[in-house]
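Each chain, written out:
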Amino acid sequence: MRGRFITFEGGEGTGKSTHASLLAQRIKSFGIGTLLTREPGGSPGAEVMRYVLLSGAVRPLGAEAEAVVFAAARDDHLTTMIRPALERGKWVVCDRFADSTRIYQGVAGKVDPLAIKAMERIIVGDTKPDLTLILDVPAKEGMKRAAERRGSGSTDRFEGEALSFHEKLRDGFLTLAANEPDRCVLIDATSSKEQVAEQIWRVVSKKLDPASAPIAFEDFKV
Ligand code: TYD
């Protein structure tokens, strides 16, 4: 049986990476084979493209070019990691996926939504997430958290954008959650880490019922 595919989405500093990791550990504790991964990146080929994208090297070529490189990275990640894992019954927890392209390059970057849609159809095809958790914090708060996490390090390609860009992202994610309520669940990520994790676990338990998933024995290697 195909595994389940769960994605985390949201703006900067919303805690996606922390909660993706906590969720993957919790799913694993049920004996379910689990792949925790991220975008851009997640496969050797896509990690090279991540490095190029986040360095800002593609930025001068425009948002369309960036969207194409994100899609190329996604194609490799899907082909070499996500689809094989799902086919083996594993559950995949991915920190960002195609919705980030819709919102960052589409809504904020103004790339034609039809072009974004066409790329998604070609690259993602039927490998759509079963559940997307959209972590929400006000843009200003998210930028503050991201700056604290960064410390004295420099901003990446997107962290360095103005507050108005981050507000557009937040509006984009809120609209997405409202438009696709079957797949997307909005999570208020302003409360404590423990409270957010519990909120996420309640949603995952209700929608995907990990307690009754078949156990992937191949993951119990001695
Ligand atoms: P990352 O360090 O993983 O940021 P975060 O912790 O905020 O997830 O960097 C990923 C960056 O790439 C992030 O700013 C969002 C951006 N991005 C896009 O613009 N389009 C995409 O399709 C994806 C997957 C990410």
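Before going into details, it helps to say that this report is about the structure given with it. Throughout, residues of each chain are indexed from 1 in the direction in which the sequence is written. Reporting of local features is limited, given that this is a predicted model, to residues whose pLDDT is at least 70; pairs of side-chain atoms are given and counted only at 80 or more, and all residues count toward the totals for whole chains, interfaces and linings. Excluded from the side-chain calculation are hydrogens and water; included are all heavy atoms of the structure.

### A look at the pattern of salt bridges
Then step 1. We define a salt bridge as a contact between a side-chain nitrogen of Lys or Arg and a carboxyl oxygen of Asp or Glu at a distance within 4 Å. Following the criterion strictly, the structure yields 18 salt bridges and no others.
Then step 2. Linking Arg 145 and Glu 141 is a salt bridge whose minimum nitrogen-to-oxygen distance equals 3.3 Å. One end of the pair is Arg 145 and the other is Glu 141, both in helix α6 (residues 139–150) and 4 residues apart, which spans about a single turn.
Then step 3. What makes Arg 145 partly exposed here is its relative accessible area of 25%.
Then step 4. Whether a residue is buried, partly exposed or exposed follows from its accessible area with a 1.4 Å probe, protein chains only, as a fraction of its type maximum: under 20%, in between, or over 50%, in that order. Look at Glu 141 and you get partly exposed, because its relative accessible area is 30%.
Then step 5. With its nearest N and O atoms 2.8 Å apart, the salt bridge here joins Glu 161 to Arg 157.
Then step 6. For Arg 157, a relative accessible area of 11% puts it in the buried group. By definition, any uninterrupted DSSP run of H or I lasting at least four residues is a helix, any uninterrupted run of E lasting at least two residues is a strand, and each is numbered from the N terminus.

### Quick notes on the environment of Val 69
Then step 1. As for its placement among the helices and strands, Val 69 is situated in helix α3 (residues 63–87).
Then step 2. Considered as a pair, Val 69 and Arg 50 are 19 residues apart in the sequence and their alpha carbons are 8.9 Å apart.

### Here we look at the packing of aromatic side chains
Then step 1. Aromatic pairing here means that ring centres of Phe, Tyr or Trp (its six-membered ring) are within 6.5 Å. Orientation follows from the plane angle: under 30 degrees is stacked, over 60 is edge-to-face, and everything else is tilted. Tallying each qualifying case throughout the model produces 6 aromatic pairs.
Then step 2. With 6.5 Å between their ring centres and 70 degrees between their planes, Tyr 104 and Phe 173 make a pair best called edge-to-face. Of the two residues, Tyr 104 sits in helix α4 (residues 98–108) while Phe 173 sits in helix α7 (residues 163–179), which places them 69 residues apart along the sequence. Side by side, Tyr 104 and Phe 173 carry an identical accessibility label, which is buried.
Then step 3. Only when the NZ atom of a Lys or the CZ atom of an Arg is both within 6 Å of the ring centre and within 35 degrees of the ring normal do we say a charge sits over the ring. If you follow Arg 74 out to its NZ or CZ, it ends over the ring of Phe 97, 5.4 Å from the centre.
Then step 4. Over the ring of Phe 158 we find Arg 157, and its NZ or CZ is 4.3 Å from the ring centre.

### Topic: the state of the cysteines
Then step 1. Two cysteine sulfur atoms make up a disulfide if the distance between them is within 2.5 Å. For the structure on display, the rule yields 0 disulfides.
Then step 2. Between Cys 94, a cysteine without a disulfide, and Cys 184, which holds the nearest cysteine sulfur, the sulfur-to-sulfur distance is 14 Å.
Then step 3. On the basis of relative accessibility, which here comes to 4%, the residue Cys 184 falls in the buried class.

### A word on the site of the ligand
Then step 1. Neighbouring residues of the ligand: 16 residues in total, closest Glu 12, Arg 74, Arg 96, Thr 101 and Gln 105.
Then step 2. For the ligand, whose unbound accessible area comes to 550 Å², protein coverage reaches 94%.
Then step 3. Of all the elements in the fold, those that place two or more residues in the shell around the ligand are α2 (44–55), α3 and α4.
Then step 4. Residue contributions to the shell around the ligand peak at 4 residues, all from α4.
Then step 5. Residue classes in the shell around the ligand are distributed as 5 nonpolar, 3 polar and 8 charged. By convention in these notes, a residue is near a molecule or strand provided one of its non-hydrogen atoms lies within 4 Å of it. In short, Shrake-Rupley with a 1.4 Å probe defines the accessible areas, and a residue's cover is counted only from the protein chains shown. Note on residue classes: Ala, Val, Leu, Ile, Met, Phe, Trp, Tyr, Cys and Pro are nonpolar, Asp, Glu, Lys and Arg are charged, and everything else, Gly too, is polar.

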